[in-house]
Amino acid sequence: MSTPPVQYPVTWAPRRTRAVLLPVCVLLVALFAVLAVLLPESWQLNDRLMMVMSGVLFACVGLMLARPRVSADAQGVTVVNFVRTRRLAWAEIVRVNFRQGDPWATLDLADGTSLAAVGIQSGVGKDRAIADARALRDLVEQHTRH
């Protein structure tokens, strides 16, 4: 039984996490802006601006936490983690690991290092994460066989 061809690009990401974090980020900025307006008159303009900036800073952290994803296309894989993005050719990936108890999948690379693939994480549900890791593993095996 042959597997149907993959329709690229394929992206794995914790969508529920994003669905929660994005509105929370907007709410944080709005809340801190309202607080800045409602502060007592004894607070200076720079204090009010710093209050708004605090909301923006917290929102930026939330947006950073919403970034992780793993995308695959015919040429390779793009891993977007909290801060860094790394593009890998299929030949650079030796193995996809997602061991019991791991918070996210890791990729063993041809140079002997490993790379966290936070876009495939147990926070979305154990069964979903295992299925996503297997799908990526199957793609890696398919591309390294040729």
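Let us look at the structure shown here.

How each quantity is defined
The residue count restarts for each chain, going from 1 along the sequence in the order it is written. A pLDDT threshold of at least 70 governs which residues receive local features in this predicted model, and a stricter bar of 80 or more applies before side-chain atom pairs are shown or counted, although totals over entire chains, interfaces and linings include all residues. Just so you know, side-chain values use all the structure's heavy atoms and leave hydrogens and water out. Only DSSP runs of H or I reaching four residues or more are called helices, and only runs of E reaching two or more are called strands; each is numbered from the N terminus. Nonpolar core, defined: a set of buried Ala, Val, Leu, Ile, Met, Phe, Trp, Tyr and Cys residues in which side-chain atoms within 4.5 Å join the residues together. Three labels apply to residues, based on accessible area from a 1.4 Å probe with only protein chains included: buried if under 20% of the type maximum, exposed if over 50%, partly exposed otherwise in between. Residue contacts follow a heavy-atom distance rule, with two residues in contact if any of their heavy atoms lie within 4.5 Å. Between Lys or Arg on one side and Asp or Glu on the other, a salt bridge is scored when a side-chain nitrogen of the former is within 4 Å of a carboxyl oxygen of the latter. Any Phe, Tyr or Trp ring, taking Trp's six-membered ring, that has another such ring centre within 6.5 Å forms a pair; planes under 30 degrees apart are called stacked, those over 60 apart edge-to-face, and the others tilted.

## Regarding unusual backbone geometry
A negative phi angle is the norm for most residues apart from glycine, just as the trans form is the norm for most peptide bonds.
Next up, step 1: Omega for the bond connecting Y8 with P9 falls within 30 degrees of zero, at -5°, which places this linkage in the cis form.
Next up, step 2: When you line up the elements, P9 lands in the segment before β1 (10-12).

## A short note on the nonpolar core
Next up, step 1: Core analysis: the largest hydrophobic core is formed by 23 residues, its most contacted members being W12, V77, L107 and L136.
Next up, step 2: Of all the secondary-structure elements, those providing two or more residues to this core are β1, β2 (69-72), β3 (76-80), β5 (93-97), β6 (104-109), β7 (114-121) and α3 (126-145).
Next up, step 3: Among the elements that make up this core, the one with the highest residue count is α3 (five residues).
Next up, step 4: Leave out the neighbours within four places in its chain, and L136 touches W12, V70, V77, W90, V96, L107 and I120.

## Focus on the pattern of salt bridges
Next up, step 1: Enumeration according to the criterion identifies four salt bridges in this entry.
Next up, step 2: Across the salt bridge formed by R95 and D108, the nearest N and O atoms sit 2.9 Å from each other. One end of the pair, R95, is in strand β5; the other, D108, is in strand β6, and 13 residues separate them in sequence.
Next up, step 3: By relative accessible area, R95 is classed as partly exposed at 45%.

## Notes on the packing of aromatic side chains
Next up, step 1: Taken as a whole, this structure holds two aromatic pairs when the rule is applied.
Next up, step 2: Where F32 meets F58, the ring centres are 5.6 Å apart and the plane angle is 55°; that geometry is what we call tilted. Of the two residues, F32 sits in helix α1 (residues 15-38) while F58 sits in helix α2 (residues 45-65), which places them 26 residues apart along the sequence.
Next up, step 3: Residue classification places F58 among the partly exposed positions, given a relative accessible area of 44%.
Next up, step 4: Note on F82 and W104: the rings are 6.3 Å apart at their centroids and 75° apart in plane angle, and the pair reads as edge-to-face. Highlighted residues: F82 in the loop between β3 and β4 (85-89) and W104 in strand β6, separated in sequence by 22 residues.

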